[in-house]
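Observations on the three-dimensional arrangement
Residue strings, one per chain:
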Amino acid sequence: ADRDELVRQVAPLRARYGAFGTYADLRRIELAKLAAIIRAQALLDRRKLNNAQLDDEAHADPRYVDFVVTATQERAAWIILENRIESINDTIIRGQAVARFASAELHLQQGSP
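What counts and how
Residues numbered from 1 in each chain as written. Predicted model: local features only at pLDDT ≥ 70, side-chain atom pairs only at ≥ 80, totals over all residues. Heavy atoms only, no water. Salt bridge = Lys/Arg side-chain N within 4 Å of Asp/Glu carboxyl O. Helix = DSSP H or I, 4+ residues; strand = E, 2+ residues; numbered from the N terminus. Axes fitted to C-alpha atoms, helices over the stretch in contact; angles between N-to-C directions. Parallel < 35°, antiparallel > 145°, perpendicular 65-115°, else oblique. Left-handed = near helix turned anticlockwise from the far one by under 90°. Contact = heavy atoms within 4.5 Å. Expected span 1.5 Å × (residues − 1). Buried < 20%, exposed > 50% of the residue type's maximum accessible area, 1.4 Å probe, protein only. Arc of directions from axis to C-beta.

**Brief notes about the pattern of salt bridges**
- Considering all chains together, one arrives at 7 salt bridges under this definition.
- Here Asp-25 ties to Arg-28 by a salt bridge, and the two come within 2.6 Å at their closest N and O atoms. Remark: Arg-28 and Asp-25 occur in helix 2 (residues 23–44); sequence separation between them is 3 residues, near one turn of the helix.

**What about the packing of helix 2 against helix 3 (residues 51–60)?**
- Direction vectors running N to C along helix 2 and helix 3 enclose 115°, while the axes themselves pass 9 Å from each other. Relative to helix 3, the element helix 2 lies roughly perpendicular. Crossing of helix 2 against helix 3: the hand is right-handed. Counted together, Arg-27, Leu-31, Leu-34, Ala-35, Ile-38 and Arg-39 of helix 2 and Leu-54, Glu-57, Ala-58 and His-59 of helix 3 form the full contact between these two elements.

**Observations regarding helix 2**
- If you check helix 2, its first and last C-alpha atoms are 32 Å apart, about what 22 residues at 1.5 Å a residue would give, namely 32 Å.
- Of all the positions in helix 2, only Tyr-23, Glu-30, Leu-31, Leu-34, Ala-35, Ile-38 and Ala-42 are classed as buried. Burial along helix 2 is one-sided: seen end-on, the buried residues are contained in an arc of 135°. Opposite the buried face of helix 2, by more than 90 degrees, sit the exposed residues Leu-43 and Leu-44.

**A closer look at unusual backbone geometry**
- The phi torsion at Phe-20 lies on the positive side, around 60°, for a residue other than glycine.
- Here Phe-20 lies in the loop between helix 1 (2–17) and helix 2.
- Unlike most non-glycine residues, Arg-46 shows phi in positive territory, near 55°.
- Positionally, Arg-46 belongs in the loop between helix 2 and helix 3.

Okay, here's the thing in structure tokens:
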């Protein structure tokens, strides 16, 4: 039950940051939204921006910084949850090995005269 609960908690993190996850897409979406906002503000301010300036401003925007900080915290949580799941898996495997050993010992004792 503990393992099932941890897997439930880690599933969204695996979906976002794991293999074939959506993080790269979400990051591009965030940068595109910020670029659109910055471009619109530059038009209102009658300020010209080239693509490099626009890219720099989007990456330096506090909203993007928050996005990256949140991603870093979520990745750390993902690693911790994965470790907890692996610990439970190890406990299960160890228990199975002990049970096989005990069963083999019992079988050997019963086979002795």
